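Notes for the structure review
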Amino acid sequence: PRTTSPPAPVADSPHHLVDIGDLVTADQLRATVDAVAEWQLPSGMVPWYPGGHADPWNHTEALMALMLGGHRAAAERGFDWLRSLQRTDGAWHQY
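From a predicted model like this one, the values you see are computed outputs, not experimental measurements. (Residues numbered from 1 in each chain as written. Predicted model: local features only at pLDDT ≥ 70, side-chain atom pairs only at ≥ 80, totals over all residues. Heavy atoms only, no water.)

1. Brief notes about the packing of helix α1 (residues 26-39) against helix α2 (residues 56-68)
Here α1 crosses α2 at 120°, and the two axes come no closer than 9 Å. Of the possible angle classes, the one that applies to α1 and α2 is oblique. Regarding α1 and α2, the two cross each other, and that crossing is left-handed. Contacts from Val33, Val36 and Ala37 of α1 reach α2 at Ala62, Ala65 and Leu66. A class-by-class count of the residues in the contact of α1 with α2 yields six nonpolar, no polar and no charged. (Axes fitted to C-alpha atoms, helices over the stretch in contact; angles between N-to-C directions. Helix = DSSP H or I, 4+ residues; strand = E, 2+ residues; numbered from the N terminus. Parallel < 35°, antiparallel > 145°, perpendicular 65-115°, else oblique. Left-handed = near helix turned anticlockwise from the far one by under 90°. Contact = heavy atoms within 4.5 Å. Nonpolar A, V, L, I, M, F, W, Y, C, P; charged D, E, K, R; others polar.)

Quick look at the structure:
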C-alpha cells in the first residue's frame, strides 16, 4: 500500500502526468499516451489496439488520457467522432 500521496502537477507544466508512487513513472505514462495518440485513426476513433475495434467507454477513457497527456487536438477529434456516431436515442454501440 502507498503511504504517501503522489506529488501535485506543476502549475506551469503543459501536462498533468506525474509519477504514481512505485507503480508507474510520468515517463511511462507519457509513452503510453503517445502510443494511444499514434493508434488514433484520422476519423478520431481510438481502437483498443492498432487495427482493433472501439467502444464508447474505452474510447472516452483514451480521450481523457490524451487530454491529460497534452494531446488536446487529438482528444477533441475523438470526441467529435464519438458525437458523430451517437444514435438518436442517445446511445452508442461497439465499433
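Text resumes after the structure shown.
2. Thoughts on α1
In this model, α1 (14 residues) spans 20 Å end to end at C-alpha, consistent with the 20 Å of a helix rising 1.5 Å per residue. Taken as a whole, α1 has its buried residues at Ala26, Val33, Val36 and Ala37. The arc that holds every buried residue of α1, seen down its axis, measures 100°, which confines them to one face. With respect to the buried face of α1, the exposed residues turned more than 90 degrees away are Asp27 and Glu38. The inward-facing, buried residues of α1 contact α2. (Expected span 1.5 Å × (residues − 1). Buried < 20%, exposed > 50% of the residue type's maximum accessible area, 1.4 Å probe, protein only. Arc of directions from axis to C-beta.)

3. Things to note about the side chain of Asp55
Within the element layout of this structure, Asp55 appears in the loop between α1 and α2. Among the polar contacts made by the side chain of Asp55, one reaches the main-chain amide nitrogen of Trp57 at a distance of 3.0 Å. (Polar contact = N/O pair within 3.5 Å; in protein donor to acceptor, adjacent residues only side chain to side chain.)

4. Some remarks on α2
Compared with an ideal rise of 1.5 Å per residue, which puts 13 residues at 18 Å, α2 spans 18 Å between its outermost C-alpha atoms and is within 8% of the ideal. Buried within α2 are the following residues: Pro56, His59, Ala62, Leu63 and Leu66. Projected down its long axis, α2 carries its buried residues within an arc of 125°, all on one side. Looking at the buried side of α2, the elements it contacts are α1 and α3 (72-84). Regarding α2, its N-cap is Asp55, as a side-chain oxygen of that residue lies 3.0 Å from the backbone nitrogen of Trp57 further along. Of the residues trailing α2, Gly70 is marked for its positive phi of about 90°.

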